[in-house]
2 protein chains.
Amino acid sequence: MDECIFCKIVRGEIPSTNLFESGNVLSFLDVMPASKGHALVIPKKHYSTLLDMPHEELKEAMEAVQKVAAAVMSSVEAAEGFNVIQSNREVAGQVIPHVHFHIIPRSRGDNLNFAWEHGKAEQKELEKYAELVKGKL
Amino acid sequence: MDECIFCKIVRGEIPSTNLFESGNVLSFLDVMPASKGHALVIPKKHYSTLLDMPHEELKEAMEAVQKVAAAVMSSVEAAEGFNVIQSNREVAGQVIPHVHFHIIPRSRGDNLNFAWEHGKAEQKELEKYAELVKGKL
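Here we look at the relation of the copies chain A and chain B
Relating one copy of the chain to the other requires a rotation about an axis plus a shift along that axis. Its rotation angle being 180°, the transformation that places chain A on chain B also includes 0.0 Å of axial translation and leaves an RMSD of 0.0 Å. With respect to symmetry, the two chain copies, as superposed, fit the operation of a two-fold axis. Interface residue correspondence from chain A to chain B reaches 100%, placing this contact among same-surface, isologous pairings.

So, in structure tokens, the structure goes:
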């Protein structure tokens, strides 16, 4: 994709602070980090969303997420945990339409909040809904 | 793990509204959903965090995430996108210490917000930090 920022990073046309690279995957630091050590893992090939990724490339990406997350966790002194966030489509907050996994180190008092207000679903509603989903699997 | 809620669900000791099951993976609807169709994917074996998951089980889990997310997307009328969120350790909002992937359908005006305030990192700081991380890989 000519104009995709992540494709440009993969091609070396835009600089990036790389952490890790394997055959189909690249990891680099987010230039607009949510917290210190915020890293990204992307497939080198352009896929818009998670649903477009072939299984083998997804496997490789997730192994990179594990590897980079472990290294980041042992590099950020304050980090006691991390979130992996992967957003699909603009409505979900996806800014760059090239699949990416955020690895966000978390520490006490970091003022980040990825929680949500818990609803309480009716069991009957869940069951009805599950039938609908299973029909689409 | 005797007392783990997700292990109990896997063993059938606590009811769940299942969507999908494969050899090492189970998917079911979250009983306290962030949005309609909010689903979970878990490994059947107990692993505390993403870093503890063997590669093959992670691959199987992510294929289930793709499969369930696609089905959920075509079942929730309003959904135009989705977030995958996977949290590790209490500080990151992990409530149940058994690895789980949230699939959260998103629609316009859903009042969910998993974004963060973007910092702007100094390039020198990123480079210094990348060296540190690469030393731990």
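Notes on the sheet that holds strand E3 (residues 39–43) of chain A
Read across the open sheet, the 10 strands follow the order E1(A)-E2(A)-E3(A)-E5(A)-E4(A)-E4(B)-E5(B)-E3(B)-E2(B)-E1(B); overall the sheet is antiparallel. The sheet is open, and its two edges are formed by strand E1 (18–22) of chain A together with strand E1 (18–22) of chain B, each paired on a single side. Looking at each pair of strands side by side, their axes are set apart by 15° on average, direction ignored. With 5 bridges connecting them, strand E4 (residues 81–88) of chain A and strand E5 (residues 101–106) of chain A associate as antiparallel partners. Counted as the bridge partner of Phe82 of chain A is Pro105 of chain A from E5 of chain A. Most of the contacts of helix H2 (residues 55–73) of chain B go to strand E5 (residues 101–106) of chain B, to which it runs at about 20°, and overall it touches E5 of chain A together with E1, strand E2 (25–29), strand E3 (39–43), strand E4 (81–88) and E5 of chain B. The strands touched by helix H3 (residues 123–134) of chain B are E1 and strand E2 (25–29) of chain A; relative to E1 of chain A, the strand with the most contacts, the crossing angle is about 50°.

Describing the interface of chain A and chain B
By a widely used convention, the size of an interface equals the accessible area lost when the partners come together. In this assembly, 71 residues from chain A lie in contact with 71 residues from chain B. Summed over both partners, the interface of chain A with chain B buries about 6,100 Å², with 67% contributed by carbon and sulfur atoms. Viewed at the interface, chain B and chain A are joined by 2 salt bridges. Among the salt bridges present, the one from Lys59 of chain B reaches Glu56 of chain A, with a minimum N-O distance of 3.6 Å. Joining chain A to chain B, the criterion identifies 21 residue pairs in polar contact (both at pLDDT 80 or more). Elements represented by at least two residues in the side of chain A that touches chain B include exactly E1, helix H2 (55–73), E4, E5 and helix H3 (123–134) of chain A. Sort the elements by how many residues they give to the side of chain A that touches chain B and H2 of chain A lands first, with 14 residues. Of the residues belonging to the side of chain A that touches chain B, the class tally is 37 nonpolar, 19 polar and 15 charged. The pairing of E4 of chain A with E4 of chain B spans 7 bridges and is antiparallel. Looking at E4 of chain B, one finds that Gln86 of chain A is bridged to Val84 of chain B.

Analysis parameters
Residues numbered from 1 in each chain as written. Chains lettered and ligands numbered in written order. Predicted model: local features only at pLDDT ≥ 70, side-chain atom pairs only at ≥ 80, totals over all residues. Heavy atoms only, no water. Least-squares fit on C-alpha atoms with pLDDT ≥ 70 in both. Contact = heavy atoms within 4.5 Å. Pairing = 2+ DSSP bridges. Helix = DSSP H or I, 4+ residues; strand = E, 2+ residues; numbered from the N terminus. Axes fitted to C-alpha atoms, helices over the stretch in contact; angles between N-to-C directions. Buried area = accessible area lost by both parts, 1.4 Å probe. Salt bridge = Lys/Arg side-chain N within 4 Å of Asp/Glu carboxyl O. Polar contact = N/O pair within 3.5 Å; in protein donor to acceptor, adjacent residues only side chain to side chain. Nonpolar A, V, L, I, M, F, W, Y, C, P; charged D, E, K, R; others polar.

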